[in-house]
Amino acid sequence: MSIDELTDPSAVHKAAEESQELGRAAFREKYNFGPVQRYFVVVDGRLHEAKAIVGAAFGFQHPDRGPLQHGQFSGGETAANPALARLGFNVVSRRPTTSDDEVKWRKAVANHFDRLKNADGYVTPDVLREWGAYGGAQGVWCDAQRTREIDPAGIAVGVLHTGFHYADDLNEEGILYHYPTTNRPAARDSSEITAMKRAADLKVPVFVVSKPTPSSRWREVRLAWIEGWDDVERIFSLTFSTSAPSKVQDHDDSDEHPFEMFGNSSRRGTTTRKQRPGQRLFKLKVIQRYGARCPLSGVTVLEMLEAAHLVPDGNNGSEDPRNGLPLNAALHRAFDAGLFAINPTTLAVEVRPGLAPEDLGIKIGTIVDLPKKPHTDALSWRYEWWTAQAKNAS
């Protein structure tokens, strides 16, 4: 019997269906195959052990001759993988040697998870561990043993967001993930941070694992790309995008480029709620440029700070940090309500008639001492808008 006689794709589908019904271990036992070490075939979005599937599929196509036994053909690139490829199936490696193949593996695992999710879109922790998306209680999971052929120190595979301390940092578009700060040796935290940056440099996505509720036995898992970080505030920005970002934002370089006041990536989804996929990255850029401090109130708690647009997102304002300022949440709301503006010439705060700066919680009435300033064009646009609003209100 020759593996070249496997010519029917439907036989592979039948073998995959049986593997799904029996479970991987029982399927292997039935056909006398050992645990897979490297290669999996993707069938209808699910991952199956490539060599065992080939052996069983042969029996489905040739029932009079029965399945191929483990010793009757070679696995991997020698025989099983080419046989599956000839039939139009994709084979991925669990132990890749290149970053491109690691991306293929993680995307295949993410698609596999999509087929295993319950009605609410969650999986169990056991599923995450089985497929290597997460492997412990630590914040960053770095599977150095599996990924060391790509990088000897290992690459970050997954991160856990409990929501206990930074509940507002996770949304439908992405996550601001805080650097690990634990009671373990400092070198351990540092190595995990490096593993995250290495994943970004190699353009390899990571799994973001979260709990629907603090006591839930289920887990939500999504694939995300690291789009930037700030070492001072110790945060990563990750996006749930379908592809890697064209640039990793690891420092403020805005002054090296021409200022663009308009043009953003806002869009409307299928619902009426406006999507703002760049808002998280915009906050990172603003923090990198100005620091994590509201220049008008002095608030320095990162979770209380927001990135305020001068030319608003709704007016097609750009995500250039020079079109923004870090403001505490209350002042951001007051700013958007037109209760105050910043004079582009004097850089002093001006408030709506009838109000005083202290009424709004403004303790510092100027941004003149900011080491880096917003762009004059953005300040002027906002001031003219604010002036027109004030006239209309009078």
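As the structure is a prediction and not an experimental result, all values here were calculated from the model.

Conventions adopted
Every residue gets a number counted from 1 within its own chain, in the order that chain's sequence is written. It should be noted that, the model being predicted, local features are given only for residues of pLDDT at least 70 and side-chain atom pairs only at 80 or more, the latter also being counted only at that level, while totals for whole chains, interfaces and linings use all residues. Water and hydrogen atoms were dropped before computing side-chain values, which therefore reflect all heavy atoms in the structure. UniProt positions are given in the numbering used here, feature names are shortened, and annotations may be inferred rather than shown by experiment. We count a stretch as a helix when DSSP gives it H or I for four or more residues in a row; a strand needs E for two or more, and each element gets its number in order from the N terminus. Between any two strands, pairing holds if DSSP finds at least two bridges. To get an axis, fit a line to the C-alpha atoms, keeping to the stretch in contact for a helix; angles then go from 0 to 180 degrees between the N-to-C directions. In what follows, residue pairs with any heavy atoms lying within 4.5 Å of each other are defined as contacts. The aromatic pairing rule takes the rings of Phe, Tyr and Trp, using the six-membered ring of Trp, and pairs them if the centres are within 6.5 Å, calling planes under 30 degrees apart stacked, those over 60 edge-to-face and the rest tilted. Using a 1.4 Å probe on the protein chains alone, a residue whose accessible area is under 20% of its type maximum counts as buried, one over 50% counts as exposed, and one in between counts as partly exposed. Working rule for angles: under 35 degrees goes down as roughly parallel, over 145 as roughly antiparallel, 65 to 115 as roughly perpendicular, anything else as oblique. Should the near helix be turned counterclockwise from the far one by less than a right angle, the crossing is left-handed, whereas a clockwise turn marks it as right-handed. When residues are grouped by polarity, Ala, Val, Leu, Ile, Met, Phe, Trp, Tyr, Cys and Pro land in nonpolar, Asp, Glu, Lys and Arg in charged, and all others, Gly among them, in polar.

Student: Describe the UniProt feature "domain: ScoMcrA-like N-terminal head" (unreviewed entry) in the chain, with residues and values.
Tutor: The positions UniProt marks with the feature "domain: ScoMcrA-like N-terminal head" (unreviewed entry) are residues 7–92. In the segment residues 7–92, helix accounts for 48% and strand for 14%; the C-alpha atoms at its two ends are 20 Å apart.

Student: Which residues make up the sheet that holds strand β2 (residues 46–49), and what values do they have?
Tutor: Two strands in a sheet stick together by hydrogen bonds in their backbones, pointing the same way (parallel) or opposite ways (antiparallel). The 3 strands lie next to each other as β2-β1-β3, forming an open sheet whose pairing is antiparallel. Whereas interior strands pair on both sides, the edge strands pair on one side only; in this sheet they are β2 and β3 (90–93). Sheet twist, expressed as the average angle between the axes of neighbouring strands with direction ignored, equals 40°. Direction of pairing for strand β1 (residues 39–43) relative to β3: antiparallel, over a ladder of 4 bridges. By the bridge assignment for β3, Tyr39 is matched with Ser93. Running at roughly 80° to β2, helix α3 (residues 50–61) makes contact with β1 and β2 of the sheet.

Student: A description of the environment of Ala80 should follow, citing residues and the corresponding values.
Tutor: Structurally, the position occupied by Ala80 is in helix α4 (residues 80–86). Between the C-alpha atom of Ala80 and that of Gly55, which follows or precedes it by 25 residues, the distance is 8.8 Å. Filtering out sequence-adjacent residues up to four positions away, Ala80 remains in contact with Ile3, Lys51, Val54, Phe73, Ser74 and Gly75.

Student: Could you give an account of the UniProt feature "domain: HNH nuclease" (unreviewed entry) in the chain, with specific residues and numbers?
Tutor: As annotated in UniProt, the feature "domain: HNH nuclease" (unreviewed entry) corresponds to residues 294–343 in the numbering used here. Along residues 294–343 one finds 16% helix and 26% strand; the C-alpha atoms at either end are 17 Å apart.

Student: How would you summarise the packing of aromatic side chains if you had to cite specific residues and measurements?
Tutor: On inspection of all chains with the given rule, the structure shows 10 aromatic pairs. Ring centres of Trp229 and Phe236 lie 6.0 Å apart, and the angle between their planes is 70°; on these two criteria the pair is classed as edge-to-face. Ring centres of Tyr383 and Trp386 lie 5.8 Å apart, and the angle between their planes is 35°; this geometry places the pair in the tilted category. Taken together, the residues span about one helical turn, with Tyr383 and Trp386 both in helix α11 (residues 376–393) at a distance of 3 residues. A single burial state applies to Tyr383 and to Trp386, both of which are buried. Through a chain of ring-to-ring contacts, the aromatic side chains of Phe40, Trp105 and Trp131 assemble into a single cluster.

Student: Quick rundown of the pairing of β2? Include the residues and the values.
Tutor: Taking every second residue as pointing to the same face, both faces of β2 are buried, with Arg46 and His48 on one and Leu47 and Glu49 on the other. As defined by bridge partners, β1 adjoins β2 across 4 bridges and the pair is classed as antiparallel. Residue pairing across strands places Phe40 opposite Glu49, the latter belonging to β2. Hairpin connection of β1 to β2: 2 residues between the antiparallel strands, including Asp44 at a positive phi of 55°.

Student: I'd like a description of the packing of helix α1 (residues 9–22) against helix α2 (residues 24–31), backed by residues and values.
Tutor: The contact between α1 and α2 brings their axes to 6 Å, and the two run at 120°. The angle between α1 and α2 places the two elements in the oblique class. Of the two elements, α1 crosses α2, and the hand of that crossing is right-handed. In this structure, α1 contributes Ala15, Glu18, Ser19 and Leu22 to the contact, and α2 contributes Arg24, Ala26, Phe27, Lys30 and Tyr31.

Student: An account of the packing of α1 against α3 is needed here, citing residue identities and associated values.
Tutor: At a minimum axis separation of 8 Å, α1 and α3 run at an interaxial angle of 120°. Viewed along their axes, α1 and α3 adopt a mutual orientation that is oblique. The handedness of the crossing between α1 and α3 comes out as right-handed. Of the residues in α3, those in contact with Ala11, Val12, Lys14, Ala15, Ala16, Glu18 and Ser19 of α1 are Ile53, Ala56, Ala57, Phe60 and Gln61. Across the contact of α1 with α3, the residue classes tally to 8 nonpolar, 2 polar and 2 charged.

Student: Let's hear about the pairing of strand β7 (residues 206–210): which residues, and what values?
Tutor: The buried fraction of β7 amounts to 5 of the 5 residues, a majority that puts the element mostly inside the structure. Of the two faces of β7, the one lined by Val206, Val208 and Ser210 and the one lined by Phe207 and Val209 are each fully buried. Examined bridge by bridge, strand β5 (residues 156–161) and β7 share 4 bridges and lie parallel to one another. By the bridge assignment for β7, His161 is matched with Ser210. Pairing between β7 and strand β8 (residues 220–230): 5 bridges, direction antiparallel. Counted as the bridge partner of Phe207 is Leu223 from β8.

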